[in-house]
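Residue-level listing of the chains:
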Amino acid sequence: MKTTYREALREAIRDAMNRDDRVFLMGEDVGSYGGCYAVSLGLLEEFGPERIRDTPLSESAFVGAGIGAALNGMRPIVEVMTVNFSLLALDQILNNAATLLHMSGGQFPVPVVIRMTTGAGRQLAAQHSHSLEGWYAHIPGLRVLAPATLEDARGMLWPALCDPDPVLIFEHNALYNLSGELADDAGPVDLTRAAVRRPGTDVTLITYGGSLAKTLTAADELAADGIDAEVIDLRTLRPLDADTFLESVRRTHRAVVVDEGWRSGSLSAEIAARIAEEALYELDAPVRRVCSAEVPIPYAKHLEEAALPQPASIAAAAREVVRGG
Amino acid sequence: MSSPEQWTHPEPDAAPAATAAKPTAEQVIAGLRATDEGGADLVQLLTPEGERVTHPDFDIDITPEELRGLYRDMVLIRRVDREANALQRKGQLGIWVPLLGQEAAQIGAGRAMRETDMAFPSYREHGIAWTRGINPTELLGIFRGTDQGTWDPVEKRFHPYTIVIGNQVLNAAGYAMGQKFDGRVGDDEGEATMCFFGDGATSQGDVHEGFVWAAVYDAPLVFFCQNNQWAISEPTERQSRLPLYQRARGYGFPGIRVDGNDVLATLAVTKWALDECRHGNGPILIEAFTYRMDAHTTSDDPTRYRLSDELEMWKLKDPIERVKVYLVRQQWADSEFFDGVEADADKLGEELREFCTNMPDPPAERIFSNVYAEGNPNLEAQRDEFLDYVSGFAGGEH
């Protein structure tokens, strides 16, 4: 079946709503507007205003209310318009969702799912282009997902709702129009493993989310140069499946990490550290990272593109680790 | 408001909210409609039909020249808005935030301010910018993506546009507290601050905290809420059970609802509120009851969530037409005046178009500018590496 990332997300919500009447969707403009990225278009008409709930413009309140509903046995899907706005709900996510199970001695699991758009590339300037999933991946108690394919857009929501712990799903804004074939019977996917999206032997390119497509493009460029790159999609940013990328690095002996977040103190730093801890003596070259420039994301289109990882910069880093620059 | 029921259910006879999962047709239509009646407390001095009316608490002496000035302001800023909207449609701006329909709210409020007063805008305040003496061409870079706003906020007494919903309310509260701590409040020479935000922002925690702080520190701050009925797709009833101006009571300061499509009433009420503040009686909340005649931004399509007959209804309350009718009826303006304003608008539109298409792209090193106030070796290394990479392309900067 031909579909898009957006439609796959919508189908996942529809499926979850049909499977379990404890599931509902809540957020800004999710109802008659159909969501700011049109993910929930048509769901209000299908499920009604009790299950597709438009909220006031109060991020802390609707994330907090979602946590409260989850504590009380519901299975809420909270949509935060973008990760930028989630900063207003950070206290609820960190101090409540991620800690209540522990602080209640195991009495209160928080099975809430919080979806949000992340990433730059739409000329939304410095306050609306953040890639902060790495921050959330720092927090014990959360599961953090980054669907980068149609299968994961379709399949990650239901297992996330089944997870007794709070789950954050980051949808990169560049992916919504991604189109392709999805199996008619596509359904829930495994959340515990990273995926090898392109097998290769010369270098391991480790990435996730919106950077996956760019990395695959870079791998094609490298293939034309005679470099056979393996591309790994992390899929779950916390807890990390390190085994998959460590196994790959032990075979290729070279690694490049591609992460749209800022370099210092980032998810890419964590992955490089894991490789250093577990596979340092397997490496034939230092690990390289391709990240966003450590600046507020630029506004002008050409500057924004220049500040983000791109296929050319990814391929250049891979050539450097393979051929020594 | 005599009984608690009336506080929680503005229409006492209305049926209780349905609980069926599937909405009825009536519920769907109700969700697509905003309020258009301002109610008995609406302060109005010029009706939509252009009739001058009086109000027991607020009135204003206006000369023909002053009213012609307000008319001119509104026509010109509407032209700026329409030109910029068209430039976005032609691909010359990344996005535009229309002010169509809110000209009176902004020109009335903006012209009530003195030069010494300070203003904190959101991102739709093109009319306020106009009254602060900011050339409309300076707004274009923000929406073309070439700069982040170029005016001097200290000189113009106009803070940069704030994109994050409601977060300027806290900054305005702090600024106004500073005016008070500095002793610049207390008599007719006092200063005041105005903070602009919308109906959707009133649901943000920041706005609540700003109300609390301004109240307990007696800050000379006029909270100016343009209730344009829609926060993207969400009507004001999704933000509040009560009319927004009534919220002020709970924080301990006055709240006034003014006809935001009436430039005279908005001017009168805002002048009063600023005077109260400069004498030390702030803060004050003004709810300017108006309507967003166009989309939330050029990325939005309002036909998805609201009815077109609502737009038709509000067209009859146009802020500019009523002034024109009054000017003509009073014989305060002739066709030569109106033609002159149109010619000025045409000229302004031409200037905007020309300026917009000639704006240079920012250079590559801009990416790394002003991240820190002073140098930073790590960032300088990243910058040098990046510029070296860019210079490797034919033709230098791409």
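Residues numbered from 1 in each chain as written. Chains lettered and ligands numbered in written order. Predicted model: local features only at pLDDT ≥ 70, side-chain atom pairs only at ≥ 80, totals over all residues. Heavy atoms only, no water.

Asks: How should I be thinking about the pairing of strand E10 (residues 203–207) of chain A in this particular structure?
Replies: A regular strand carries its side chains on alternate faces of the sheet. Residues and elements named next belong to chain A. Most of E10 is tucked away: five of the five residues are buried. Of the two faces of E10, the one lined by Val-203, Leu-205 and Thr-207 and the one lined by Thr-204 and Ile-206 are each fully buried. Note that E10 and strand E11 (residues 229–233) share five bridges and pair parallel. Residue Thr-204 lies in a different strand from E11, and its bridge partner there is Glu-230. Regarding the hand of the β-α-β motif, the stretch spanning E10, helix H9 (residues 211–224) and E11 is right-handed. Sheet topology places E10 next to strand E13 (residues 255–262); three bridges connect them, and they run parallel. Looking at the pairing, Thr-204 lines up with Ala-255 of E13. (Buried < 20%, exposed > 50% of the residue type's maximum accessible area, 1.4 Å probe, protein only. Helix = DSSP H or I, 4+ residues; strand = E, 2+ residues; numbered from the N terminus. Pairing = 2+ DSSP bridges. Right-handed = clockwise from strand over helix to strand, strands pointing away.)

Asks: What's the story with the packing of aromatic side chains in this structure? I'm lost.
Replies: Under the definition given, this model contains 29 aromatic pairs over all chains. For the pair A:Tyr5 and A:Tyr176, a centre-to-centre distance of 5.9 Å together with 75° between the ring planes defines the contact as edge-to-face. Of the two residues, A:Tyr5 is situated in helix H1 (residues 5–19) and A:Tyr176 in the loop between strand E7 (167–172) and strand E8 (179–181); the sequence distance between them amounts to 171 residues. Both rings, one in B:Phe337 and one in B:Phe338, keep their centres 5.3 Å apart while their planes meet at 70°; by these two values the pair is edge-to-face. For the pair B:Phe337 and B:Phe338, one class covers both residues: buried. These aromatic residues form a ring-pair network of at least three members: B:Trp96, B:Phe143, B:Trp151, B:Phe158 and B:Tyr161. Sitting above the plane of the B:Trp314 ring, B:Lys317 keeps its charged end 4.8 Å from the centroid. The aromatic ring of B:Phe338 is capped on one face by B:Lys324, whose charged end is 5.1 Å from the ring centroid. (Phe/Tyr/Trp six-rings, centres within 6.5 Å; stacked < 30°, edge-to-face > 60°. Lys NZ or Arg CZ within 6 Å of the ring centre and 35° of its normal.)

Asks: Help me out: how do you make sense of the domain arrangement of chain B in this one?
Replies: How big an interface is tends to be stated in terms of accessible area lost as the parts join. Domain annotation for chain B reports domain 1 (4–362) and domain 2 (367–398). The distance between the C-alpha centroids of domain 1 of chain B and domain 2 of chain B comes to 41 Å. (Domains from an automatic or database assignment.)

Asks: Teacher, can you tell me more about the interface of chain B and chain A here?
Replies: Listed as interface residues are 45 residues of chain B and, on the opposing side, 42 residues of chain A. Roughly 3200 Å² of surface becomes buried between chain B and chain A when both sides are summed, with 55% attributable to carbon and sulfur atoms. Per-residue buried area on chain B facing chain A is highest for B:Glu234, B:Arg304 and B:Ile367; these three make up 18% of the total on that side. Linking chain B with chain A are zero salt bridges, by the criterion used here. The tally of links between chain B and chain A comes to 13 residue pairs in polar contact (both at pLDDT 80 or more). If you list the elements that add at least two residues to the side of chain B that touches chain A, you get helix H6 (137–144) and helix H15 (377–391) of chain B. Taken together, the residues of the side of chain B that touches chain A break down into 22 nonpolar, 12 polar and 11 charged. (Contact = heavy atoms within 4.5 Å. Buried area = accessible area lost by both parts, 1.4 Å probe. Salt bridge = Lys/Arg side-chain N within 4 Å of Asp/Glu carboxyl O. Polar contact = N/O pair within 3.5 Å; in protein donor to acceptor, adjacent residues only side chain to side chain. Nonpolar A, V, L, I, M, F, W, Y, C, P; charged D, E, K, R; others polar.)

Asks: Where do I start with the sheet that holds strand E12 (residues 236–238) of chain A in this structure?
Replies: Note on sheets: strands pair through backbone hydrogen bonds, and any given pair is parallel or antiparallel. Residue and element names in this part refer to chain A. The strand order E3-E2-E4-E5-E7-E6-E12 describes an open sheet built from seven strands, whose pairing is mixed. Where the open sheet ends on each side, the last strands, each with one partner, are strand E3 (52–54) and E12. Neighbouring strand axes in the sheet, compared pairwise and without regard to direction, differ in orientation by 20° on average. (Axes fitted to C-alpha atoms, helices over the stretch in contact; angles between N-to-C directions.)

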